[in-house]
Amino acid sequence: MEKFHIIESTAIPLEVENIDTDQIIPARFLKATDRSGFGENLFRDWRFDENGRPKPDFILNDSTRTGKILVAGKNFGSGSSREHAAWALYDHGFRAIVSSFLADIFTNNALNNGLLIVQVPDGFLKQLFSTLKQNPKTLVRIDLENQEISLPETGLKANFPINSFKKKCLLNGFDDIDYLLSIKQKIVDFEKRI
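Parameters at a glance
Residues numbered from 1 in each chain as written. Predicted model: local features only at pLDDT ≥ 70, side-chain atom pairs only at ≥ 80, totals over all residues. Heavy atoms only, no water. Phe/Tyr/Trp six-rings, centres within 6.5 Å; stacked < 30°, edge-to-face > 60°. Helix = DSSP H or I, 4+ residues; strand = E, 2+ residues; numbered from the N terminus. Buried < 20%, exposed > 50% of the residue type's maximum accessible area, 1.4 Å probe, protein only. Pairing = 2+ DSSP bridges.

Q: Explain the packing of aromatic side chains here, please?
A: Given two aromatic rings, one states the distance between the centres and the angle between the planes to describe the pair. Per the counting criterion, the structure on display carries 5 aromatic pairs. Ring centres of F38 and W87 lie 5.6 Å apart, and the angle between their planes is 50 degrees; on these two criteria the pair is classed as tilted. With F38 in the loop between α1 (21–24) and α2 (44–47) and W87 in helix α3 (residues 84–92), the pair connects residues that are 49 residues apart, well separated along the chain. Residue F38 shares its accessibility class with W87, and that shared class is buried. Ring centres 6.0 Å apart and planes at 55 degrees place the aromatic pair F43 and F58 in the tilted group.

Q: Which parts of the structure should I look at to understand the pairing of strand β1 (residues 6–9)?
A: Remark: a regular strand shows side chains that alternate across the two faces of the sheet. Alternating positions in β1 separate cleanly, I7 and S9 being buried on one face and I6 and E8 remaining unburied on the opposite face. Across 4 bridges, the pairing between β1 and strand β6 (residues 140–143) is antiparallel. Residue S9 lies in a different strand from β6, and its bridge partner there is V140.

This is a description of form; function is not addressed.
Here it is in C-alpha cells:
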C-alpha cells in the first residue's frame, strides 16, 4: 500500500446522506476478486443511464470537480459489508473519505485497503460542503500524523479520530500482513524465550 502522511487536494462534494455499499458499487459488478477495475463502476447507477451514457447532473461527471478526497453526507458506507466498495473508491482515485458518520464495517474495509476515513463534526461537514459548492478549486488538507483536516485558504479545521494501529499501518504503507512481517524478528525472539 501507499504510505499516507499528508494529502492536499481538491475534493468532490457528494451531499447525499445514507449512501450504502450497493449504491457505491452495485452487486452485479462483484464478480471479480482482484481489486482493480471496480472504479469504472463506482456509483454506476447514479453516474450512468440505462444505455451507459454519463448523467450530466451527477457530481462525478462534472469536469470542474476533481480530487482525491470525497466529501459525503452523513451515514456513508452503510448496508452490506462488501469490501468491493472500498476497492471501487480507491480504484477511482480517492484516497480519503470525509463524512460526519461512516459505517463501522465500511470504515474497517477502507482502512484495510489504504483509504483514509476522516470523521468530522456535523457543523464542520456543513461548512465544508458550503465552501466546496462555492469554489470547486478549494484545497482540502488532511494531515494523518496530526489527525487534522483543514482548508488552508479559510483556516477552517477539525481533528478526527482514527484507530492507532490503523494509523500506524497507513503511515507506513502496511496492510495487516505487512505489519506482522515488519515485527517478525520480535515474534521470533519472543517465541525463543517461551
